[in-house]
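Letter by letter, the chains look like this.
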Amino acid sequence: MLDVRDVVTAYGKIEALKGVTLSVAEGRITCLLGPNGAGKTTLMYSIAGILKPRRGRIALKDREITGRAPDQVVQAGVALVPENRLVFPQMSVRENLTAGAYLRRDRAGIAADMERMFQRFPRLKEREGQLAGTLSGGEQQMLSVARALMSRPRLLLMDEPSLGLAPLVVEEIFRIVTELNRDGTTIFLVEQNAHMALKVAHHFYLMEQGRVSFSGTPGEVEEAEVIQRAYLGSRRAD
Ligand SMILES: Nc1ncnc2c1ncn2[C@@H]1O[C@H](COP(=O)(O)OP(=O)(O)OP(=O)(O)O)[C@@H](O)[C@H]1O
Ligand SMILES: [Mg+2]
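Attention here is on the structure that accompanies the text.

Scoring rules and cut-offs
Residues numbered from 1 in each chain as written. Chains lettered and ligands numbered in written order. Predicted model: local features only at pLDDT ≥ 70, side-chain atom pairs only at ≥ 80, totals over all residues. Heavy atoms only, no water. Near = heavy atom within 4 Å. Polar contact = N/O pair within 3.5 Å; in protein donor to acceptor, adjacent residues only side chain to side chain. Areas by Shrake-Rupley, 256 points an atom, 1.4 Å probe, with all protein chains shown as cover. Helix = DSSP H or I, 4+ residues; strand = E, 2+ residues; numbered from the N terminus. Donors = N, O, S within 2.8 Å, 3.2 Å for Na, K, Ca; no water. Buried < 20%, exposed > 50% of the residue type's maximum accessible area, 1.4 Å probe, protein only. Pairing = 2+ DSSP bridges. Axes fitted to C-alpha atoms, helices over the stretch in contact; angles between N-to-C directions. Contact = heavy atoms within 4.5 Å. Salt bridge = Lys/Arg side-chain N within 4 Å of Asp/Glu carboxyl O.

1. Overview of the site of ligand 1
The environment of ligand 1 is formed by 13 residues, the closest being Gly 37, Lys 40, Thr 41, Thr 42 and Glu 83. The side chain of Glu 83 places a nitrogen or oxygen atom 2.5 Å from an oxygen atom of ligand 1. Protein contact buries 57% of the 630 Å² of open area that ligand 1 shows by itself. If one sorts the elements of the shell around ligand 1 by residue count, helix H1 (residues 40–48) sits on top with three residues.

2. Re the coordination of the magnesium ion (ligand 2)
The protein atoms that coordinate the magnesium ion (ligand 2) are Thr 41 (OG1) and Glu 83 (OE), at distances spanning 2.0 to 2.4 Å. With Thr 41 in helix H1 and Glu 83 in the loop between strand S6 (78–81) and helix H3 (93–100), this residue pair connects regions lying 42 residues apart in the sequence. Note on Thr 41: relative accessible area 18%, which makes it buried. Owing to a relative accessible area of 22%, Glu 83 belongs among the partly exposed residues under this scheme.

3. Focus: the sheet that holds strand S9 (residues 203–208)
The strand order across the open sheet formed by six strands is S6-S7-S8-S3-S9-S10, and the pairing between neighbours is mixed. At either end of the open sheet lies a strand with only one pairing partner, and these are S6 and strand S10 (211–216). Within the sheet, the average angular offset between the axes of one strand and its neighbour, ignoring direction, is 20°. Relative to strand S7 (residues 155–159), S6 is paired through four bridges, and the arrangement is parallel. Within S7, the position partnered with Val 78 by the bridge is Leu 155. Against the sheet, helix H6 (residues 137–149) contacts S6 and S7, and its axis sits at roughly 170° relative to S6. Along the sheet face, helix H7 (residues 167–182) touches strand S3 (29–33), S7 and strand S8 (186–190) and points at about 150° away from the line of S8.

4. Thoughts on the pattern of salt bridges
Using the criterion set out here, one finds 17 salt bridges in the structure. With its nearest N and O atoms 2.9 Å apart, the salt bridge here joins Lys 125 to Glu 128. What makes Lys 125 partly exposed here is its relative accessible area of 35%. Salt-bridge contacts for Glu 179 lead to Arg 175; the nearest nitrogen and oxygen are separated by 2.8 Å.

As structure tokens, this is what we get:
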């Protein structure tokens, strides 16, 4: 569904992505692992149109979206749940959700989707008038996911959704990821928590210093020495 080919993205002279090639299969959960500074967020921003690649090609279902503006990428069916959540703190929960649908004109559809979000995230319903900045970290993450879903994406990009959250909230986030995927949304997930990711993802990439250094199935991830050491603590006791 998503094809990234030889993408180079730079900040001034420094190339954060040095020719990244990977693909995300339709209907699947694909996970991107990688250390701090590897370029994971830069890749997410490059796909979402927030950063323009210097070279390379990004295509969504054979339609090129390289260098398109963020709103055009949303129109094409891609939504980003950004790193650090980034809800609009001075807006209410409801207003944040409305903002997620800013490109849609189908008022009835938006209202129906808003209700669907409140069913899926009951804690947001209880707090619909509360300012987003006063929500707990976990609630803000739920809101960030719900806001992205309000654009009705076919591909959901999630940049470290579990970062800084308590284990129970992390489990809830992963449960939602699985549910969304079961309902037909393709997911491209940046995650450092390889243990959790192994429970949900179908394919893995490892990015190091702006390049993809590993691609494999969950089984291959569990066997890969490099990932064992950095992401899974120790080798399995077998
Ligand atoms: N706005 C910026 N200006 C200059 N350099 C930047 C900018 N944003 C990121 N970088 C650099 O690009 C590289 C990749 O950063 P990026 O945020 O994509 O990494 P990451 O894999 O998402 O890391 P983390 O796991 O810490 O979120 C880093 O070396 C970083 O310092
Ligand atoms: Mg990042």
